[in-house]
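Reading the structure
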Amino acid sequence: MESFNILLLTVAVTVQVTSHDSTGEPPVQISKPKVTLNPSHAVLYSTETVTLHCEVPEALSGLQYDWYKNSADLSEHQPSITARGSGKYECKAKKGTSESEISASYTLTLQDPPKAKLTVDPKWTEFFPSENIELKCEIEGGSSGWTFEWIKDTWTSEGDSVRAITVKHPDSGKYSCRGKLKNRQVTTQQSNAFQLNVKDLPEPKIQSDWTEAFPGEKVYLECVIQGVSENWNYMWFKDSRRIVSSDETNINTLTLSVKSSHHGAYECQGELQGRKVSTARSTQHLLTVHELPQLKLSIESQWNMFYPTEKVTLKCSIDEESNKWGYEWFKNGGLLKKDKDISFSGNTLSISSAKAGHSGQYTCRGKHLTRTLVTTRETEAVQLRIQDIKPKPTITKHKWFELFYTEERVQLHCNMPGVGWEYHWYKGSTLRITHPELTIDAVSLSDSGNYHCKAQRGDFSVDSETLQVRVQKPPQPHIQSDWTEAFPGEKVSLQCVIRDVSENWNYTWFKDSSKIDSRAETNIKGNNLTLSVKSSHHGAYECQAELQERNVSTVRSKQHLLTVHGSQPTILLQQDPSHAEIYTGEQVKLTCSIQEKTSKWQYFWQIDSQQVNTVNNPIYTIQNATLSQKGNYTCQVRRGEMTYANSTILTIREPPQPHIQSDWTEAFPGEKVSLQCVIRDVSKNWNYTWFKDSSKIDSRAETNIQGNNLTLSVKSSHHGAYECQAELQERNVSTVRSKQHFLTVHGSQPTILLQQDPSHAEIYTGEQVKLTCSIQEKTSKWQYFWQIDSQQVSTVNNPIYTTQNATLSQKGNYTCQIRRGEMTYAKSTILSIREPPQPHIQSDWTEAFPGEKVSLQCVIRDVSENWNYTWFKDSSKIDSRAETNIQGNNLTLSVKSSHHGAYECQAESQERNVSTVRSKQHFLTVHGSQPTILLQQDPSHAEIYTGEQVKLTCSIQEKTSKWQYFWQIDSQQVSTVNNPIYTIQNATLSQKGNYTCQVRRGEMTYAKSTILTIRELPKLKLSIESQWNMFYPTEKVTLKCSFDEESNKWGYEWFKNGGSLKDDKGISVSRNTLSISSAKVGHSGQYTCRGKHLTRTLVTTRETEAVQLRIQDIKPKPNITKHVWFELFYTEERVQLKCNMTGVGWEYHWYKGSTLRITHPKLTIDAVSLSDSGNYHCKAKRGDFSVDSETLQVRVQKPPQPHIQSDWTEAFHGEKVSLQCVIQDVSENWNYTWFKDSSKIISRAETNIKGNNLTLSVKSSHHGAYECQAELQERNVSTVRSTQHLLTVHEPPKPNLSIESQWNMFYPTEKVTLKCSVDEESNKWGYEWFKNGGSLKKVEDISFSGNTLSISSAKAGHSGQYTCRGKHLTRTLVTTRETEAVQLRIKDITPKPIIKKHEWFELFYTEERVKFDCNMSGVGWEYHWHKAAKPLIKNSEFTIDAVSLTDTGDYHCKAQRGDFSVDSETLQVRVQARPPAFLSLKTELIDIMTGDVTLRCNISDGRQWNYTWFMNGQQLNGSSDVLKVTGNEETIKSEFKCKGINTERPLYSALSDGFVANNIIFKRKILLAISGCLVCCIFILIIGCIILKITHKPEVKETPEDLFFSMTDSKNQIISPMKEYMDNRQTELEESQGKAELISDCASAVHEDSVIKESQEKAELISDCASAVHEDSVIKESQEKAELISDCASAVHEDSVIKEEDTSATVANGLTSFKGL
């Protein structure tokens, strides 16, 4: 039983559990709930948040609630809800299936908050700064318990109910207020708005056309305040002081009866009536009160006495602008009228043809052109006198010729009694110049003709008598010369020839247009020019002739070109053949030539500075070149004393040795092997021969020889040593053989090895793979080529083929080909390549917010390798860290905003350097820090009016889901569960506030709020849209219904006299405006309006307060007032019309025809134009109501345009230039105004304006552009200015006067040249010369040529101060200023040059120094030395360093400057030969035996001498007359000389002849042995002399051969045994005179010696005489020989004391004496 009970209990429990599982919760008893209220105020407002609570007595958990309002389910399920307006609220509670009863109803009453009202004091619509305004906020039912908020535009502040404002500009805006219940969230509706407009005080402005006035005129000033309709009082000020007027003080017009005291600055100020508001003062209006101007009357001429028919002009001048004044003229006190001779133009009275009756007293006065009542006083009277005399001009001629040459000066002068005359010169009827003097500085052929002058002043003129001028052209010279080219140093002569002319001419020469002065190298004599040629003489030569005594020059001759070559000829040295190197054995030819076209040169050759024995041959030939012939070859060219040279290096070398170049040292059969035979550093063409193993190779198929190349088609037999040899083409030159080159020949073909690295069976794309091809044999120079699937790969000669980044296209069959020459071998292998597998990302996450966890997985399908995984975001690698955790192929993100992006993954093989491509991108969108909540109001009006429905919708902008929505009003929760829409059915003011939508997902909650504004309906205001309240029939009336907010949201309903406005064709409504298009009396009444919302059709406002409309039945009309009216206006004139209409508020519109011109009471056209012509009327208008005036016609035409007539476009200072302003086809009287560079010209002396003429006395300031303008008299009408007339004013150039020399002091007869230079084109100017202030005329010694004054022969009377000035050739009035004076001083004594002598002797010895100095006072002198008439040198110093006998003569120096020269006194130089020194051999017997030599030096002039000895030119020690020389190898071959030294002049003698001992010692011993024979020779000689004298004949006979010889004989007798003894002696005396002197000396010496004691001396003399006779082989007359022998015999006969015993020695000594050695 117990078991059964347990079983029953188990079943019961099971049933109970099952029951609980099926129902969810057990049923509970829930009591009836009760609705309670919070807060519990007595009065609740609709704007408050009221919370209703559903209270259940039991404390049960997990209850849910249902709420009802007026029995309608509110879909609220919270225990507390926010009340939704007034009504009956009920609730019930429920839990699971259990629920309570519905609670008792709770009636909730919510009142609208009271209204706020804003009042304003004062009630103006616009305020000015500093005015006061009071705003007051009132609440219906009282203000107790309320605080106040003030709203200005969008700004809110708390404050009291009253707000006082002192107005400033920032206070402008829309003001409103509202009340706020203390300690409760209750506010009133916002009050009516008040728009506070703060505007600037208007600025008054003075309107008046009066800016200047004259005393007595009426001036009106009007103070205008524009754009303001208020009533103003006006105050006036002058110079800042208030003007007190006797008239009304509030009028805006000030009227002045002008006095001088009214001059000043005027201002006005407005004061607003009824308000203490004043404007600022207006800007000053300056009124200038002019005193009436003073006039001056003058006669417009330089003279006061006039002649009949002469024109007279009187000018009435005003000291101000004359174009505003007209003029009245009076004569002898009466008003002057216009007649046929008298005319008026502006301020000028003109008498066109004067008569005696026109004499009298004249006055004038001014009359204002536009102010006709204004006139000046009359001027002082001017007396006009007119006589009846008519003069005539006379002509004066200066230096007249019956016939003038062109370029000569013709000068005529015209004179007329009286002043003010202008002189006009005419050739025939053509005007030449206006000047008293007609000067033709350079007369031309066209100047021939008849001339007369016209004297004129004004329009009055008289002609002179006629004068004829005849002109012809000067002849033209030409240059005669055969010289067209030369080298420096040559003499060239040119002659200037004038044909068929007999006058005397002076000639001037020019080179390259520059004048040539006569000097040493350019000598001018007469018409000849002789050049000592220099390089500077190259150029074009011209000559010109000037007629003596007249300033007439010919034109220059045609140019004669003289080419002066360079400093030396250009030598061309050419080598043939022109090879840089010549090989030994070749022929070479050197050719020398001169580039310039010239002749007569001699050619000489040198090799390394050594002369070659070729005479005048320009070609040097080497037949067979050797190395010794290389060197520097010089060609010398000579002509006269000029020698020039050019050199070239001739290089000769041995032929070069070739060598074999080839990379081939080994080969396989079938290959092509190339060997090249190379000759280094030689560019010539060679023929080549090849050898193998020393055997010559013939060119055939397998051994092909082309040029220097040997090509082998390799066979095994080609193994061996190769050589080559070259032979020069076109030259017979062969090289030696080259060194051997060895070639090894392998077996049949190479063994190829092909390897892959890495050696995987498959390669992934992107991997690197390398294929290596090699040859097993030791060989080189193979080229490697690769093929893929039989396609060639572009790799050149690389045994390794590398695929850096494998691609699928690179898989295939790879073949390595090896090539060398034409031989190709190959081997292949297969390369397999595939793509790495591609991973992909698996994940459901595509978007997330920061903080969420996102997982991504990288998956690789169908691959067994082990991979490492890498993740990328936006292509950047991701590192594993907390927020980006990577494990295996998974990536887990702790989401941040930075995780937004595109994700990729990539795998890399763990065993190979292989990476897959990246996976496709997986995009993860990471939203901002929180979702973007969109809270939308429907309708979306900024303000909701009470009673309207409004719906709030909450949504999330991002694409996301699973969010819950909750609502709050002013932070109080609203019982709506997960509903994104909140609806208000009937809006009340209490429902306005801050609405918040909360969105939740998981733990994340976000919110967004919006202000819901609910307001009362706006109030309207009705107003009449005009400044006036009284209207006229047909006038348009506009009523405006105004809101205090935007009116475009509202429509309008209109009411009249309390009822809806009925349809009326005259009344139209446009939005807030009611328009009565044409008012009638019946339209009067009370009008109201109300607003109706355009889009919210149920919303309407209250009606406005009524507005009373009054309409009268009167229609006015405007009238037009005209100012200064003309039937015809000129353009730019002023047209002024004024329109006036009774009443206020009128706008005036001026029309031309039907075109509106301006809206203003006045129509002023300040500068009327042609387009302004037409019919005008004005329309008075206010609103749309308008009335037209009568029509008025305005006619306009354009003022005529003046133009300037004048031939003057350029002028010089001092000239008279006349410009005329011409207006064509117009008859009115005009006043003319002139302008220069746009500035007005005032009439004065140098700018004289008469009528329409402007006469300029030209100054430099007159340079510019001239215009003229005309103004119509008595009207302010001006023409446009004329087109500009440009006048260029040249300042006369500044001349410069200089003396054309380096010196200022001149001497009589010297030539002086003064040059007057102008800094511009000189061909436009002539020149006038002045001396000591007076004009200089041409006289006998003074001539003028162009700008040059020449004094051909200076005199003391020519001294003085000279000036010059330029005179324009065609404008004779134009002259420059005079130059500064140049002082010319000419002395009256011609000095002579002084010769200064240095160390002077009456008699000079040869080789002494003679030195002179020539000096002349002054500067610029050149000194020329002359010997007799022969010129020597040009230098102030003349020195003869070693005088000779030929220098004897008379010397003088010539000082020269220019063409002036003076000779010095003559100085005689006498020269005598120095005494001769004789060297003789004095050798004793003992000296003969010892071998020594004794020499003696003797000077026979009777003075004591010391002696100096020389051996081979070197001075020896000692001063004795005897020199002993020790015989040795050196001394017997040396030359000895001597000379004497003395302490008195001459200080030294002439140097003796030289003596050489040679083998004299040996020869003397032979002579001693045969001395016996010499005695016989002496007697035979004497006998021979006697016989010769007796038997002498004219023919020259051979002299019998002497048995003995002298020193002289040894020179001529070739077969003499003594020839060797005398071989160093000079053999011939070239002049017979010398021989005669020698024999004469011998005879004299014998005759003078009367005390000779030894026969030895006589024997010597006789021997010398005989030798002299023997040497004379050219004496033609035997008489001379006989005389010489007779003298010798006489000398022997006189010697009677010769001792017999001394004969032998004497003869021996005589035979060994040598004179002259």
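In what follows, the structure referred to is the one given above.
Thresholds applied
- Residues numbered from 1 in each chain as written.
- Predicted model: local features only at pLDDT ≥ 70, side-chain atom pairs only at ≥ 80, totals over all residues.
- Heavy atoms only, no water.
- Helix = DSSP H or I, 4+ residues; strand = E, 2+ residues; numbered from the N terminus.
- Disulfide = S-S within 2.5 Å.
- Pairing = 2+ DSSP bridges.
- Axes fitted to C-alpha atoms, helices over the stretch in contact; angles between N-to-C directions.
- Phe/Tyr/Trp six-rings, centres within 6.5 Å; stacked < 30°, edge-to-face > 60°.
- Buried < 20%, exposed > 50% of the residue type's maximum accessible area, 1.4 Å probe, protein only.
- Salt bridge = Lys/Arg side-chain N within 4 Å of Asp/Glu carboxyl O.
- Contact = heavy atoms within 4.5 Å.
- Polar contact = N/O pair within 3.5 Å; in protein donor to acceptor, adjacent residues only side chain to side chain.

Describing unusual backbone geometry
In this structure, the amide linkage connecting Asp121 to the following residue, Pro122, adopts the cis form with an omega of -5°. Its location among the elements puts Pro122 in the loop between strand 11 (116-121) and strand 12 (126-127). Following Asp757, the chain continues to Pro758 via a peptide bond in cis, the omega torsion being 0°. Inspection of the secondary structure assignment puts Pro758 in the loop between strand 75 (752-757) and strand 76 (763-764). Although it is not a glycine, Asp608 sits at a positive phi angle of roughly 50°. Within the secondary structure, Asp608 is located in the loop between strand 59 (602-607) and strand 60 (610-612).

Topic: the state of the cysteines
Inspection of the entire model under this criterion finds 17 disulfides. Each sulfur of the disulfide joining Cys414 and Cys453 lies 1.9 Å from the other. Between Cys414 and Cys453, the disulfide has an S-S torsion of 45° and is therefore right-handed. In this pair, Cys414 sits in strand 38 (residues 410-415) while Cys453 sits in strand 42 (residues 449-457), placing the two residues 39 residues apart along the sequence.

Quick look at the sheet that holds strand 15 (residues 155-159)
Ordered by their spatial adjacency, five strands build an open sheet running 12-18-17-14-15, and the pairing between neighbours is mixed. Edge positions in the sheet fall to strand 12 and strand 15, since each has one partner strand and no second. In terms of strand pairing, strand 12 meets strand 18 (residues 194-198) through two bridges, oriented parallel. Paired with Glu126 across the bridge in strand 18 is Asn197.

Considerations on the sheet that holds strand 116 (residues 1162-1165)
Spatially, 111-113-116 is the arrangement adopted by the three strands of the open sheet, whose pairing is antiparallel. In this open sheet, the two edge strands, each paired with only one partner strand, are strand 111 (1119-1123) and strand 116. Taken pair by pair, the neighbouring strands of this sheet meet at an average axis angle of 15°, ignoring direction.

Focus on the packing of aromatic side chains
Taken as a whole and assessed by the stated rule, the structure comprises 32 aromatic pairs. Pairing Trp1303 with Phe1306 gives two aromatic rings, centres 6.3 Å apart and planes at 55°, and the pair type is tilted. Pairing Phe1412 with Tyr1451 gives two aromatic rings, centres 6.1 Å apart and planes at 50°, and the pair type is tilted. In this pair, Phe1412 is assigned in strand 142 (residues 1410-1415) and Tyr1451 in strand 146 (residues 1449-1457), connecting sequence segments 39 residues apart.

Let's talk about the pairing of strand 4 (residues 64-69)
Within strand 4, five of the six residues are buried, which leaves the element mostly enclosed by the surrounding structure. For strand 4 and strand 7 (residues 87-95), the ladder comprises six bridges, and the chain directions are antiparallel. Across the sheet, Lys69 pairs through a bridge with Tyr89, a residue of strand 7. Between strand 4 and strand 5 (residues 72-73), which pair antiparallel in sequence order, lie two residues; one of them, Asn70, sits at a positive phi of approximately 50°.

As for the pattern of salt bridges
Tallied over the entire structure, the rule returns 61 salt bridges. The partner of Asp153 in a salt bridge is Lys152, and the shortest N-O contact between them spans 3.9 Å. Taking the relative accessible area as the measure of exposure, Asp153 reaches 43% and is therefore partly exposed. A salt bridge links Arg1371 to Glu1210; the nearest nitrogen and oxygen atoms lie 1.8 Å apart. With Arg1371 in the loop between strand 138 (1360-1368) and strand 139 (1382-1386) and Glu1210 in strand 122 (residues 1210-1212), the pair connects residues that are 161 residues apart, well separated along the chain. The class of Arg1371 is buried, set by a relative accessible area of 16%. Through salt bridges with shared partners, a single network forms among Arg409, Glu437, Asp441, Glu1328, Arg1365 and Lys1367.

Remarks on the environment of Glu666
Summarising the element assignment, Glu666 is placed in strand 66 (residues 666-667). On the accessibility criterion, Glu666 (11% relative accessible area) is buried. With residues near it in sequence (within four places) discarded, Glu666 still touches Leu743, Thr744, His746, Thr779, Ser780 and Arg820. In this structure the side chain of Glu666 is engaged in a polar contact, spanning 2.7 Å, whose partner is the side chain of Thr779.

Re the environment of Ile206
Within the element layout of this structure, Ile206 appears in strand 19 (residues 205-207). Note: C-alpha distance between Ile206 and Gln269 (63 residues apart in sequence) is 9.7 Å. With near-sequence residues (within four places) excluded, Ile206 lies in contact with Leu221, Glu222, Trp236, Tyr266, Glu267, Cys268, Ser282, Thr283 and His285.

Concerning the side chain of Lys873
Along the chain, the position of Lys873 falls in strand 87 (residues 867-873). Here Lys873 falls in the buried class, since its relative accessible area comes to 18%. Residues contacting Lys873, with those up to four places away along its chain left out, are Ile878, Ser898, His899, His900, Gly901, Ala902 and Tyr903.

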